[in-house]
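Residue-level structure breakdown
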Amino acid sequence: MPEGHTLHRLARLHQRRFAGARVSVSSPQGRFTEGAAAVNGRTFVRAHAWGKHLFHDYGPVGVVHVHLGLYGAFTELPVPMGLPVGQVRMRIEGAEFGTDLRGATACELIDGPQVEAILARLGPDPLRPRADPASAFERIAKSRRPIGALLMDQKVIAGVGNVYRSEVLFRQRIDPYREGNRLDPEQLTALWVDLVERMRVGLRVGKIVTVDSEHDCGDPSYAPDRPRTYVYRRAGSPCRVCGTPILTAEMDARNLFWCPSCQIR
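What you see is a predicted model, and the numbers here were worked out from it, not measured in a lab. (Residues numbered from 1 in each chain as written. Predicted model: local features only at pLDDT ≥ 70, side-chain atom pairs only at ≥ 80, totals over all residues. Heavy atoms only, no water.)

1. Comments concerning the nonpolar core
Core analysis: the biggest nonpolar cluster contains 33 residues, and Ile147, Leu151, Ile157, Val160, Phe170, Leu191 and Leu195 have the highest contact counts within it. Take this core: its biggest share by element is seven residues, from helix 7 (residues 185-205). Apart from the residues lying within four places of it in its own chain, the contact partners of Leu151 are Ile157, Val160, Arg165, Leu169, Leu191 and Leu195. (Core = buried A, V, L, I, M, F, W, Y, C linked by side-chain atoms within 4.5 Å. Buried < 20%, exposed > 50% of the residue type's maximum accessible area, 1.4 Å probe, protein only. Helix = DSSP H or I, 4+ residues; strand = E, 2+ residues; numbered from the N terminus. Contact = heavy atoms within 4.5 Å.)

Below, the structure written as structure tokens:
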């Protein structure tokens, strides 16, 4: 599933491509026909993201809310775009560029109160300007759930996925099974600051970069086009810091990775 930096990059791209212009919107697949018809030919006011949610604001007409889920993706194409390929849920055409959305969990036209209802369910987003982590700290400090589960809970912190969860916990030397109420305020602050810094890098370069230069060596990344990671998808490989084999387990239906020596319970 795309993590928060991906949605913020999409919001920035769509803001550059379409903001302030009238756009053509259609639903070749047919699953967003009414919503597409309502915003077709309207002015695309702005794009913004919160966590893993993307919003296309069309002013008084409404807001198109997109959640990519596991399989959703936008494909950018120059205009003319040609015939749609595959199951295109939503197509947006501007003057010079267009985009096709496929496979999203959600693509719906909603109003202002519905947008507010979605945002009310989400925790602070490390990539939002002036994000305040106080509510996240309060939730974590009161919880006996493992911090590895809390970081993936979008009601606690919005936008964190499996890679950032595993990597930032390693970087802060925190065992993912440590209960939230056993983290002190200094640890919570350091965790948040590291998330903000790592996710800002991801927003800038388009890839999740977590390994410091002195550790960026040894066995290759888990995928050819991805930077090396400390623990994510490295089960059985030696820790880049201490050499201990990396462990994996399932937590809340997602694979978890950690170093049992570096990360303190």
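Continuing now.
2. Digging into the pattern of salt bridges
Scanning all chains against the criterion turns up 13 salt bridges. A single salt-bridge network, built from bridges that share partners, covers Arg145, Asp153, Lys155 and Asp252. (Salt bridge = Lys/Arg side-chain N within 4 Å of Asp/Glu carboxyl O.)

3. A short note on a positive patch on the surface
Together, Arg9, Arg12, Arg16 and Arg17 make up a positively charged patch on the protein surface. Assignment of secondary structure puts Arg16 in helix 1 (residues 4-18). Since its relative accessible area comes to 61%, Arg16 is described here as exposed. (Patch = residues over 30% accessible without salt bridge, like charges linked within 9 Å, V, L, I, M, F, W, Y side chains within 5 Å. Areas by Shrake-Rupley, 256 points an atom, 1.4 Å probe, with all protein chains shown as cover. Lys, Arg positive; Asp, Glu negative; His and termini not counted. Charge placed at Lys NZ, Arg CZ, Asp CG, Glu CD.)

4. Re the side chain of Arg178
Inspection of the secondary structure assignment puts Arg178 in the loop between helix 6 (162-171) and helix 7. As a buried residue without a salt bridge, Arg178 has its nearest oppositely charged side chain in Asp184, at a separation of 6.4 Å. A distance of 3.3 Å separates a polar atom in the side chain of Arg178 from the backbone oxygen of Arg265. (Polar contact = N/O pair within 3.5 Å; in protein donor to acceptor, adjacent residues only side chain to side chain.)

5. A short note on the sheet that holds strand 4 (residues 63-67)
On the basis of which strands lie adjacent, the open sheet formed by four strands has the order 2-3-4-8 and antiparallel pairing. Single-partner strands in this sheet number two, and they are strand 2 (46-50) and strand 8 (106-110). Across the sheet, the axes of successive neighbouring strands diverge by a mean angle of 20°, strand direction being ignored. With five bridges joining them, strand 3 (residues 53-57) and strand 4 adopt antiparallel strand pairing. Bridging across to strand 4, Leu54 finds its partner in Val66. Strand contacts of helix 1: strand 2 and strand 3, with the helix running at about 175° to strand 2, the strand carrying the most contacts. (Pairing = 2+ DSSP bridges. Axes fitted to C-alpha atoms, helices over the stretch in contact; angles between N-to-C directions.)

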